[in-house]
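Results of the structural survey
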Amino acid sequence: VGPRFEFYSGVAVKIVATAIVSVWSWRLFVTGNVARRLGESTQLLNVPFEPVYKALSFGVGIYALVLAIETIVLIRTGSVPLLIDESRAMRSENE
């Protein structure tokens, strides 16, 4: 496997991951709205589900943003600096 294939497959994986995580974040947000409308909460303490879904949506949305930035960096520079450092660390452990 050559470096060209590695580059294009890396970009494709980042784009697909960004799309999937973005949809996941959106669905968590929508589920939070549905939980609010239906009044869903825990049975014992009556804690509403909406804030939990919204907090998860926010966190996953931040991760989608990080993936999008990594994709842009990968396309522009040909590598993502942090990932290069991690792969070097993995190689040194295996040797």
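Keep in mind that this is a model prediction, so the values were computed, not measured. Throughout this document, residue positions are counted from 1 along each chain, in the order its sequence is written. Totals for whole chains, interfaces and linings use every residue, but because this is a predicted model, local features are given only for residues with pLDDT of at least 70 and side-chain atom pairs only at 80 or more, for both listing and counting. Computation of side-chain values: all heavy atoms of the structure, hydrogens and water removed.

Side note on the side chain of Thr71
Tracing the backbone shows Thr71 in helix α2 (residues 50–77). Two N or O atoms form a polar contact when they lie within 3.5 Å of each other; inside protein one atom must be a possible hydrogen donor and the other a possible acceptor, and for residues adjacent in sequence the pair counts only when both atoms belong to side chains. At a separation of 2.8 Å, a polar atom in the side chain of Thr71 contacts the main-chain carbonyl oxygen of Leu67. The numbering of helices and of strands both runs from the N terminus, where a helix is a DSSP run of H or I of at least 4 residues and a strand a run of E of at least 2.

Here's the deal with helix α1 (residues 3–38)
To estimate how far a helix should reach, multiply one less than its number of residues by 1.5 Å. Look at α1: 52 Å from first C-alpha to last across 36 residues, which is about the 52 Å you get at 1.5 Å a residue. Just beyond α1, the residue with positive phi is Gly39, at close to 70°.

Regarding the nonpolar core
Definition of nonpolar core: a set of buried residues of the types Ala, Val, Leu, Ile, Met, Phe, Trp, Tyr and Cys, connected through side-chain atoms within 4.5 Å. Exposure is judged per residue with a 1.4 Å probe applied to protein chains only, and the accessible area is read against the type maximum: over 50% gives exposed, under 20% gives buried, and values in between give partly exposed. Formed by Val21, Leu28, Val60, Ala64 and Leu67, the largest nonpolar core amounts to five residues. Elements with a contribution of two residues or more to this core: α1 and α2. When residues no more than four places from it in sequence are discounted, the contact partners of Val21 are Val60, Tyr63, Ala64 and Leu67. The contact definition used throughout considers only heavy atoms, calling two residues in contact when any of these lie within 4.5 Å.

Digging into the packing of α1 against α2
At a closest axis distance of 8 Å, the pairing of α1 and α2 adopts a crossing angle of 160°. Comparing the axis directions of α1 and α2 gives the class roughly antiparallel. Relative to α2, α1 is oriented so that their crossing is left-handed. Asp, Glu, Lys and Arg are counted as charged, while Ala, Val, Leu, Ile, Met, Phe, Trp, Tyr, Cys and Pro are counted as nonpolar; the rest, among them Gly, fall into the polar class. By residue class, the composition of the contact of α1 with α2 is 18 nonpolar, 10 polar and five charged. Fitted lines through C-alpha atoms serve as axes, helices being fitted only where they are in contact, and the angles separating the N-to-C directions of these axes extend from 0 to 180 degrees. Geometric relationships in this document are graded by angle, where less than 35 degrees denotes roughly parallel, more than 145 denotes roughly antiparallel, 65 to 115 denotes roughly perpendicular, and other angles denote oblique. The sense of a crossing depends on the near helix, which, turned anticlockwise from the far helix by less than a right angle, makes the crossing left-handed and, turned clockwise, makes it right-handed.

Notes on α2
Spanning 28 residues, α2 covers 40 Å between terminal C-alpha atoms, matching the ideal 40 Å at 1.5 Å per step. Listing the buried residues of α2 in full gives Ser57, Val60, Ala64, Leu67, Glu70, Thr71 and Leu74. Taken together, the buried residues of α2 touch α1.

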